[in-house]
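Each chain, letter by letter, is given below.
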Amino acid sequence: MLTLHFAPNSRAGRILWLLEELQLPYKLNRMDFHPKDLKSDEHRSRHPLGRVPVLDDGDVSIYESGAIVEYVLERHKNAGMKPSTDAPEFPAYLQWLHYCEGMVMPPVNTIVVQTVLLPAARRDETALAQAQKLLNRSLVPVEEALEGKEYLIGDFSAADIMLGHACFMANRLGCVTQEMANLKSYVARIAQRPAFDKAINA
Ligand SMILES: N[C@@H](CCC(=O)N[C@@H](CS)C(=O)NCC(=O)O)C(=O)O
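Predicted model only: the values in this text are computed from it and were never measured.

**Remarks on the nonpolar core**
Within the largest apolar cluster, 51 residues are counted, with the highest numbers of intra-cluster contacts made by Leu163, Ala166, Cys167 and Ala170. At 10 residues, the largest contribution of residues to this core is made by helix α7 (residues 158-172). When residues are assigned to domains, this core turns out to be shared by domain 1 (2-75) and domain 2 (90-193), each giving three or more. Not counting chain neighbours up to four residues away, the residues in contact with Ala166 comprise Cys100, Val104, Met105 and Val108.

If you want it as structure tokens, here you go:
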């Protein structure tokens, strides 16, 4: 049985969304997004930095959301959510899967720190403005890639689980502008998927 160590409003939602899309059975260890849970000895024994998501699968315990996505697709089920390595969409699939943590999430993290996590007195307007600018720039290629497509590589794939979730978060932070019309409708399309809805509201 798969066990997902989860906290709300976090990247753990990606894995919950994936498990729901694949209709795999799982147990959810729902923690609060709070140091009392995430930095406990018990959770640090699963993730040295006390972060989520972590997935347990029998003797296997794995962290890093992108790695967990690939692990589940390879070891359990992919239901067409990953193109085969010789498919023309495969390079774009890999690119967008990794673009999420590589390019989009670093400025998202800074924005969350500077607007939500830090007390007002310790916030840095310059760092916030830089991150907003960087996020906006990082989203431009995504906006362009979505032209004429419903999802990143055409059909829904695990690249959408990663980058689509990041785009949803960016939109929630007010960083997807009205001019980014493809991204706006992409985020709305994702939000309508029942599996996403279940994951985001867990
Ligand atoms: N690159 C990692 C990032 C994991 C991460 O930073 N998770 C955040 C939630 S989105 C977390 O657990 N933060 C708790 C903390 O920093 O104390 C992944 O994709 O899994």
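Here the narrative resumes, following the displayed structure.
**Some details on the site of the ligand**
Ser10, Arg11, Leu38, Gly50, Arg51, Val52, Pro53, Glu64, Ser65 and Glu101 make up every residue found near the ligand. Partitioned by chemical class, the residues of the shell around the ligand number three nonpolar, three polar and four charged.

**Notes on the domain arrangement of the chain**
Taken domain by domain, the chain comprises domain 1 (2-75) and domain 2 (90-193). Measuring from the centre of the C-alpha atoms in domain 1 to the corresponding centre in domain 2 gives 21 Å. Facing eight residues of domain 1, the contacting portion of domain 2 comprises seven residues. The set of elements that each furnish at least two residues to the side of domain 1 that touches domain 2 consists of α1 (12-22) and α4 (65-75). Residues belonging to the side of domain 1 that touches domain 2 are distributed by class as follows: four nonpolar, three polar and one charged.

**A word on α1**
With nine of 11 residues buried, α1 lies mostly within the body of the structure. Against β1 (2-6), β2 (26-30), β3 (54-57), α4, α7 and α9 (194-200) lie the buried residues of α1. Positive backbone phi, at 55 degrees, marks Gln23, one or two positions downstream of α1.

**Let's talk about the pairing of strand β4 (residues 60-63)**
Bridging between β3 and β4 involves four bridges; their strand directions are antiparallel. Each residue of the ladder has a partner; that of Val54, found in β4, is Tyr63. Where β3 hands over to β4, the hairpin turn is made up of two residues, of which Gly58 adopts a positive phi near 60 degrees.

**Thoughts on the sheet that holds β3**
The strand order β2-β1-β3-β4 describes an open sheet built from four strands, whose pairing is mixed. In this open sheet, the two strands that pair with only one neighbour each are β2 and β4. Averaged over all pairs of adjacent strands, the angle between strand axes in this sheet comes to 20 degrees, irrespective of strand direction. Sheet strands in contact with α1 are β1, β2 and β3, and its direction is about 150 degrees off that of β1.

**So, the pairing of β2**
Bridge count for β1 against β2 is five bridges, and the pairing is parallel. Across the sheet, the residue bridging to Leu4 is Leu28, located in β2. For the handedness criterion, the β-α-β arrangement of β1, α1 and β2 is classed as right-handed.

**Quick notes on helix α6 (residues 125-145)**
The end-to-end C-alpha distance of α6 is 31 Å, a good match for the 30 Å that 21 residues give at a rise of 1.5 Å each. Residue Leu139 marks the point of greatest curvature in α6, where the axis turns by about 25 degrees; the proline Pro141 follows within four residues. All of the buried residues along α6 are Ala131, Leu135, Ser138, Leu139 and Val142. In this fold, the buried residues of α6 make contact with α5 (90-117), α7 and α8 (181-191).

What counts, and where the lines are drawn
- Residues numbered from 1 in each chain as written.
- Predicted model: local features only at pLDDT ≥ 70, side-chain atom pairs only at ≥ 80, totals over all residues.
- Core = buried A, V, L, I, M, F, W, Y, C linked by C-beta atoms within 7 Å.
- Buried ≥ 20, exposed ≤ 12 C-beta atoms within 10 Å, placed from the backbone.
- Helix = DSSP H or I, 4+ residues; strand = E, 2+ residues; numbered from the N terminus.
- Domains from an automatic or database assignment.
- Contact = placed C-beta atoms within 7 Å.
- Near = placed C-beta within 6 Å.
- Nonpolar A, V, L, I, M, F, W, Y, C, P; charged D, E, K, R; others polar.
- Pairing = 2+ DSSP bridges.
- Axes fitted to C-alpha atoms, helices over the stretch in contact; angles between N-to-C directions.
- Right-handed = clockwise from strand over helix to strand, strands pointing away.
- Expected span 1.5 Å × (residues − 1).
- Bend = angle between axes of the 7 residues up to and from the residue.

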